[in-house]
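Breakdown of the fold
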Amino acid sequence: MKKNRIFMAALLLCTIFILLGILSGIQINQNKKQVSQTTTILLDQVCQIIDSNQARETVLVESLQEDYITRAMAVAYIIDSRPEMEENLEELLKIASMLKVDEIHLFHENGVIYGGTEPQYYGYSFDSGEQISYFKPMLTDKTMSMCQDLEANTAEGKQMMYAICWNEAGTKMIQVGIEPKRLMEELRVGSVQETMQNMPTYPGVTMAVADENTGEILGATTAQLVGKTLGEIGINLRRGKLDQMLSGSVDGKQSYYKMLSHHEHVIAVIQEKSVVHKDVPLILGIVAIYFVIAVGVAMIFILRMAGHRDSALKHAKTDALTGLLNRRGYDDSMMALSKAPLKDTFVYASMDLNGLKQANDSFGHEAGDKLLKSAASCMRKCFGAYGELFRLGGDEFVALLEVDDQQLETLKREFDEMIKNWSIHIVKGLSVSCGYVQHKEFPEKTLEELVKIADMRMYQAKQKHYETKGVNRRRV
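Okay, so let's go over this structure. (Residues numbered from 1 in each chain as written. Predicted model: local features only at pLDDT ≥ 70, side-chain atom pairs only at ≥ 80, totals over all residues. Heavy atoms only, no water.)

**Quick word on the packing of aromatic side chains**
The condition that has to hold: By convention, a stacked pair of Phe, Tyr or Trp rings (six-membered ring in the case of Trp) has centres within 6.5 Å and planes under 30 degrees apart, an edge-to-face pair has planes over 60 apart, and any other such pair is tilted. Each residue is placed in one exposure class: buried if its accessible area under a 1.4 Å probe, protein chains only, is under 20% of its type's maximum, exposed if it is over 50%, and partly exposed if it falls in between. By definition, any uninterrupted DSSP run of H or I lasting at least four residues is a helix, any uninterrupted run of E lasting at least two residues is a strand, and each is numbered from the N terminus.
Under the criterion given, the structure shown has six aromatic pairs. With 6.0 Å between their ring centres and 75° between their planes, Tyr121 and Tyr124 make a pair best called edge-to-face. Judged by relative accessible area, Tyr124 falls into the partly exposed class, the value being 27%. Ring geometry for Phe383 against Phe415: centres 5.1 Å apart, planes inclined by 45°, an arrangement best described as tilted. Placement of the pair is Phe383 in helix α9 (residues 365-383) and Phe415 in helix α10 (residues 405-420), with a sequence separation of 32 residues. The pair formed by Phe383 and Phe415 is uniform in burial state, with each residue classed as buried. Pairwise contacts between aromatic rings join Phe107, Phe126, Tyr134 and Phe135 into one cluster.

**Some remarks on the sheet that holds strand β15 (residues 432-438)**
Applied cut-off: One bridge is not enough; two strands pair if DSSP finds at least two bridges between them. Here the axes come from fitting lines to C-alpha atoms, over the contacting stretch only for helices, and the angles between their N-to-C directions go from 0 to 180 degrees. Pairs of residues are marked as contacts when any of their non-hydrogen atoms sit within 4.5 Å.
One open sheet accounts for four strands, arranged β13-β14-β12-β15; its pairing is antiparallel. Both edges of this open sheet fall to β13 (387-393) and β15, since each of them pairs with a single strand only. The average angle at which neighbouring strand axes cross in this sheet is 15°, direction not considered. By the bridge criterion, seven bridges tie strand β12 (residues 346-353) to strand β14 (residues 396-402) in an arrangement that is antiparallel. Opposite Met351, over in β14, you have Phe397 as the bridge partner. α10 rests against β12, β14 and β15 of the sheet, and its axis sits at about 175° to β15.

**So, the nonpolar core**
In summary, soluble globular proteins display a tendency toward joint burial of nonpolar side chains. To keep it simple, the criterion reads: In this description, a nonpolar core means a group of buried Ala, Val, Leu, Ile, Met, Phe, Trp, Tyr and Cys residues linked to one another through side-chain atoms lying within 4.5 Å.
Counting 29 residues, the largest nonpolar core has Met351, Leu353, Met379, Phe383, Phe415 and Val432 as its most contacted members. Of all the secondary structure elements, the ones that give two or more residues to this core are β12, α8 (356-363), α9, β14, α10 and β15. Aside from chain neighbours lying at most four places away, what touches Phe415 is Met351, Cys378, Met379, Cys382, Phe383, Val432, Cys434 and Tyr436. In this structure, Ile69, Ala96, Val101 and Ala163 belong to the second largest nonpolar core, which totals 28 residues.

**Comments concerning the packing of α9 against α10**
Any two packed helices are characterised by how steeply their axes cross, that is the angle between the axes, and by the distance between the axes. The following threshold applies: Any angle that falls under 35 degrees is termed roughly parallel, while one over 145 is termed roughly antiparallel, one within 65 to 115 roughly perpendicular, and all others oblique. Two helices cross in a left-handed way if the nearer one is turned anticlockwise from the farther one by less than a right angle. They cross in a right-handed way if the turn is clockwise.
Taken N-terminus to C-terminus, the directions of α9 and α10 make an angle of 150°; their axes are 10 Å apart at the nearest point. One way to sum up the angle between α9 and α10 is to call them roughly antiparallel. For the pair α9 and α10, the sense of crossing is right-handed. In contact with Cys378, Met379, Lys381, Cys382 and Phe383 of α9, α10 contributes Leu411, Glu414, Phe415, Met418 and Ile419.

**With respect to the sheet that holds strand β8 (residues 217-220)**
Strand order in the open sheet formed by five strands is β8-β7-β11-β10-β9, with antiparallel pairing between adjacent strands. Among the strands making up the open sheet, the edge pair consists of β8 and β9 (246-250). Along the sheet, successive strands turn relative to each other by an average axial angle of 35°, direction set aside. Alignment of β9 against strand β10 (residues 253-262), held across five bridges, turns out to be antiparallel. Residue Ser247 lies in a different strand from β10, and its bridge partner there is Tyr256.

**Regarding the pairing of strand β11 (residues 265-272)**
In summary, the side chains of a regular strand alternate between the two faces of the sheet. Of all eight residues in β11, eight are buried, a share of seventy percent or more. Residues His265, Ile267, Val269 and Gln271 of β11 are buried on one face, and the alternating residues Val266, Ala268, Ile270 and Glu272, pointing to the opposite face, are buried as well. Inspection of the sheet shows strand β7 (residues 205-211) paired to β11 by seven bridges, in the antiparallel sense. Paired with Ala210 across the strands is Val266, a residue of β11. Pairing of β10 with β11 involves eight bridges; the strand directions are antiparallel. Bridged to Met259 within β11 is Ala268. The hairpin turn running from β10 into β11, its antiparallel successor, is two residues long, and His263 in that turn takes a positive phi close to 50°.

**Things to note about helix α2 (residues 89-98)**
Under the convention used in this document: Counting of polar contacts relies on pairs of N or O atoms within 3.5 Å, with two restrictions inside protein: one atom must be capable of donating a hydrogen and the other of accepting it, and residues adjacent in sequence are counted only when both atoms are side-chain atoms.
Looking at α2, one finds that the buried residues are Glu91, Leu92, Ile95, Ala96, Ser97 and Met98. The N-capping residue of α2, defined by a side-chain oxygen 3.1 Å from the backbone nitrogen of Glu90, is Asn88. Following α2 by one or two positions, Lys100 has its phi on the positive side, about 60°.

**Considering helix α11 (residues 447-469)**
Going by this rule: For a helix, the expected span equals 1.5 Å multiplied by the number of residues minus one.
For α11, built from 23 residues, the straight-helix expectation of 33 Å at 1.5 Å per residue is met to within 8% by its first-to-last C-alpha distance of 33 Å. Listed in full, the buried residues belonging to α11 are Leu447, Leu450, Val451, Ile453, Ala454, Met458, Tyr459, Lys462, His465 and Tyr466.

**Things to note about the pairing of β13**
Pairing of β13 with β14, which is carried by six bridges, proceeds in the antiparallel orientation. Looking across to β14, one finds that Glu388 is bridged to Leu400. Adjacent in sequence and paired antiparallel, β13 and β14 are bridged by two residues, among which Gly394 carries a positive phi angle near 60°.

Limitation: the analysis is restricted to geometry and does not speak to function.
Set out below in structure tokens:
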């Protein structure tokens, strides 16, 4: 009997151990499957972030190119209006400051620089270097305007973006150059290394992005891996296929890992086995709860992503700082207007906030943001019921209105009075230069021509403002 009890106890213990082994094996297998699922989600997340960064950079570059071409056209219009300015370096510098460009270059029809704000560049031509030769197509098509991506310029190797257009008569080309600090900061933030450093981290999980050809790790959530190759840390690109769950020693630790090829990169997610399986005994008892939580987390993730997508669609045409419509909204409205005859009551108002740079330099960007918000608030109160309001970027605003003569005069007086009486404790006084044009003034003009007239009137108002204030434009 005693022997039977011992035998039964031993059999029970063996059964328990066998069952625990089987359950542990099942749980480990489940963990491996979970690792694979988690890895796939993380791989997709890294891909989405890289794609999002690239898309944001593309949109930013396109937006800047449109803006810079517009500035080049503005310079051309000003010089055509006052030809004597092209030989006056001081006046050209004032124009550059007013339009917030770093350089202005004037080209002969044959593509040789003969004037501008940078005398040391006089004599350069489209044949002077690879960067400047990008604009050669301008010589054969006077309807063209071009904007170059961020490049090192021919003369000094400075990182610049250049935009160029012909003047209205087709007798000269006007080029503006801007050092796009915002773009360079976006490119830095959007770099692989910066992106991976800002990724959320998880215990025992390492995410890395490597060059597909060399295997060099360009960015990783574990900083010390950057600069090494995948081979050096134990990942052989030739072993198996991409997008398969593999295991082995990675950076000295037994791990699971999966790789994915994406845009000339190899993205790897590595998970340490010791971390993956450390809670196997506990997980055996709570596996059901775990799956409930996992489903809940997945649903929250999906709902959050859907919410972000809906929010992005809703705010795609809204300027985040002022709440006005942005350039995308402006382009859509202008396109709609161009498809039908304009009414006599149509008014285009070009508005520009004065002194923004001075406020930023003197009191900080918080004061500058308050100026922008206050100007937008005044515009909304005066003009909001009569049309659409836009912030095109920086200190530039536009209103598309439907008002008669009497209403327009009333709105102009009310807006000037509201601006005149505005102040905050940091910055005293708010000033906005405005240029209004009614379609009935120039019924034969196109929408684009009306825009130029409004811009010209705004620039004249801005010039008069600074002359009255006795302010040096280059410092504002």
